[in-house]
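The primary structure of each chain is shown beneath.
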Amino acid sequence: MIAIDLGSNTLRVVQLDCEKSQFIAEYEKIVKTADGLSATGIVADTAVERVIAAILEAKMTFDFEKQALKAVATEAIRKAANAQAVLEKIKKETGVDFEVISGEEEARLTLLAVKHRLSQLHYASRNFVVVDIGGGSTELIFHYEGEVVVRSFPIGIVTMAQRYKTLEAIRQVLPDAMLGIEKFCAEMFATKGELHALVATAGTPTSVAAMKLGQTYATYDAKKINGVTLTVDELDFYLEKLLAMPFDKREETCGTGRSDLIAAGILIFKQLFGILECDRCIVIDDSLREGVALAGCRDRLLK
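Residues numbered from 1 in each chain as written. Predicted model: local features only at pLDDT ≥ 70, side-chain atom pairs only at ≥ 80, totals over all residues. Heavy atoms only, no water.

Colleague: I'd love a proper account of the overall build of the chain, names of residues and values included.
Modeller: Along the chain, the regular secondary structure elements total 14 helices and 11 strands. For the C-alpha atoms alone, the extent of the chain along its principal axes is close to 45 × 40 × 35 Å. The proportion of buried residues among the 303 residues of the chain is 54%. Restricting the contact set of the chain to residue pairs at least 6 apart, pairs at least 24 apart contribute 71%. Counting 36 positive and 43 negative side-chain charges, the chain places the centres of these two groups 2 Å from one another. (Helix = DSSP H or I, 4+ residues; strand = E, 2+ residues; numbered from the N terminus. Buried < 20%, exposed > 50% of the residue type's maximum accessible area, 1.4 Å probe, protein only. Contact = heavy atoms within 4.5 Å. Lys, Arg positive; Asp, Glu negative; His and termini not counted. Charge placed at Lys NZ, Arg CZ, Asp CG, Glu CD.)

In C-alpha cells form, the structure reads like this:
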C-alpha cells in the first residue's frame, strides 16, 4: 500500500507492507504548496510544478502502477480557490488522483498512525492529546479511554510565517490567533478531565527532536526520533540555537527553505504547551501519510 500526503509545505510518501504491517520505503520533498497562498488565495503555478516534479521523482522509488495507492491533500488545497484546477493538472501530469480530506479526517488518520507507533514503543497511557502542527493548519486530537475528540484550526507554520514577517510579530499575534484553540482546550478539560501526556507530530517537533539528537535534515532518522521527549525549556533553547546559526548552517539543520518555518512553528508549539498546561511532550514521526497507509491496508483486509 502506497500513501501520499500533499501538505502545505511537504509532499510525503510511504509504502506499507500490509501483510507484515511494516513500512518498507519512504520519501519526502519540500514543495511549498502554500507559498503565497495567504496573500493570493491560490496555489501558485510554481508550487504546482514543484509538486508534480516531486511525484515524478517519487515514482523512481515506488511502483505506483502495481501497488494500491491512496493520495490525500490537506489545508493548502482545502483553502485554495483554484484547488480543482490544481488537482486536475497534477493528475494529468502524474496520474495521481488526490482526495481533499477535511481537517477532522486528517486528525483521525494521524491518530491512527500515532497510536500504532505508541503501541510499538509500548507506551501505555490512555488519556493523551496529539498536536499536529502543519503548514496550513493545526490539528488537536484528544484521546480519552473510549472517546476521541478532534478539531482542526487554520493556523500553520507556512501561513503564519508568510502573514507575519518577523518572529516578534508572530509572538505578538499568537495569543489572539490561538484563542479558539485555548477555548476548545478549556472546554475539553472542563468536560472530559485531565490528560496524562502530550504527543507531538509533524515537522516542527521532529525538527527540534532532531536538533536534540544532533541530526541534520540529511541525516534525519525517524527511528531515533520516535519517543524522544522534549520540554518547554528545550523549545526556547533550540530556537535560540537555531537563530544563532549562520544561514547555511540553519539550512543544513532544517532543510532548504525551512528554518524560518520551523522557527515560527516553535512559537506555535510553545503556545500550545501553555494552553495544554504541559511542560514536556513525546515526539512521534509517524503522521498523516502513515495513517493513510494503515487505513488503506485495514480497508483492503476487510474486503
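Colleague: Please provide a residue-by-residue account of the sheet that holds strand E2 (residues 10–17), values included.
Modeller: The strands that make up a sheet pair up through hydrogen bonds in the backbone, lying either parallel or antiparallel. The strand order across the open sheet built from five strands is E3-E2-E1-E4-E5, with neighbouring strands paired in mixed fashion. The outermost strands of the open sheet, each flanked by one partner alone, are strand E3 (22–30) and strand E5 (98–100). The average angle at which neighbouring strand axes cross in this sheet is 20°, direction not considered. Here strand E4 (residues 69–73) pairs with E5 via three bridges, running parallel. (Pairing = 2+ DSSP bridges. Axes fitted to C-alpha atoms, helices over the stretch in contact; angles between N-to-C directions.)

Colleague: So what's going on with the sheet that holds strand E11 (residues 280–283)? Residues and values would help.
Modeller: Strand order in this open sheet of six strands is E8-E7-E6-E9-E11-E10, and the pairing throughout is mixed. With partners counted over all chains shown, the strands left at the sheet margins are strand E8 (147–153) and strand E10 (228–231), one partner each. Pairs of neighbouring strands in the sheet enclose a mean axial angle of 25°, with direction left out of account. As paired elements, strand E9 (residues 197–201) and E11 share two bridges and run parallel to each other. By the bridge assignment for E11, Val199 is matched with Ile282. Seen against the sheet, helix H9 (residues 203–212) touches strand E6 (128–133), E9, E10 and E11 and runs at an angle of roughly 100° to E10. Against the sheet, helix H13 (residues 259–275) contacts E6, strand E7 (138–144), E9, E10 and E11, and its axis sits at roughly 160° relative to E6.

Colleague: Mind laying out the packing of aromatic side chains, listing which residues take part and the relevant values?
Modeller: Evaluation of the coordinates by the stated rule reveals seven aromatic pairs. For the pair Phe237 and Tyr238, a centre-to-centre distance of 4.8 Å together with 85° between the ring planes defines the contact as edge-to-face. Tyr238 sits in the buried class, given a relative accessible area of 9%. Ring pairs connect the aromatic residues Phe142, Tyr144, Phe153, Phe184 and Phe189, which therefore count as one cluster. (Phe/Tyr/Trp six-rings, centres within 6.5 Å; stacked < 30°, edge-to-face > 60°.)

Colleague: Would you mind going over the nonpolar core in detail, with residue names and values included?
Modeller: One finds Leu11, Phe98 and Phe142 to be the most contacted residues of the largest nonpolar core, which totals 81 residues. Counting residues per element, this core draws most heavily on H13, at 11 residues. In contact with Phe98, other than residues within four places in its own chain, are Ile4, Leu6, Leu11, Ile55, Ala71, Val72, Ala73, Leu87 and Ile90. Residues Ala3, Val292, Leu294 and Cys297 belong to the second largest nonpolar core, which totals 15 residues. (Core = buried A, V, L, I, M, F, W, Y, C linked by side-chain atoms within 4.5 Å.)

Colleague: Describe the pairing of E11, with residues and values.
Modeller: Of the strand pairs in this sheet, E10 and E11 are connected by four bridges, and their pairing is antiparallel. Among the inter-strand pairings, Thr231 is bridged to a residue of E11, identified as Arg280.

Colleague: Tell me about the side chain of Thr94, and name the residues and values.
Modeller: Structurally, Thr94 can be placed in helix H4 (residues 83–94). A polar contact is formed between the side chain of Thr94 and the backbone oxygen of Ile90, at a distance of 2.6 Å. Once residues lying within four places of it in the same chain are set aside, the contact partners of Thr94 are Ile52, Ile55, Leu56 and Lys59. (Polar contact = N/O pair within 3.5 Å; in protein donor to acceptor, adjacent residues only side chain to side chain.)

Colleague: Explain the environment of Leu11 residue by residue, including any values.
Modeller: Among the secondary structure elements, Leu11 is positioned in strand E2. Between the C-alpha atoms of Leu11 and Lys32, which are 21 residues apart in sequence, the distance is 8.7 Å. In contact with Leu11, other than residues within four places in its own chain, are Ile4, Asp5, Leu6, Tyr27, Glu28, Lys29, Val31, Val51, Ala54, Ile55 and Phe98.

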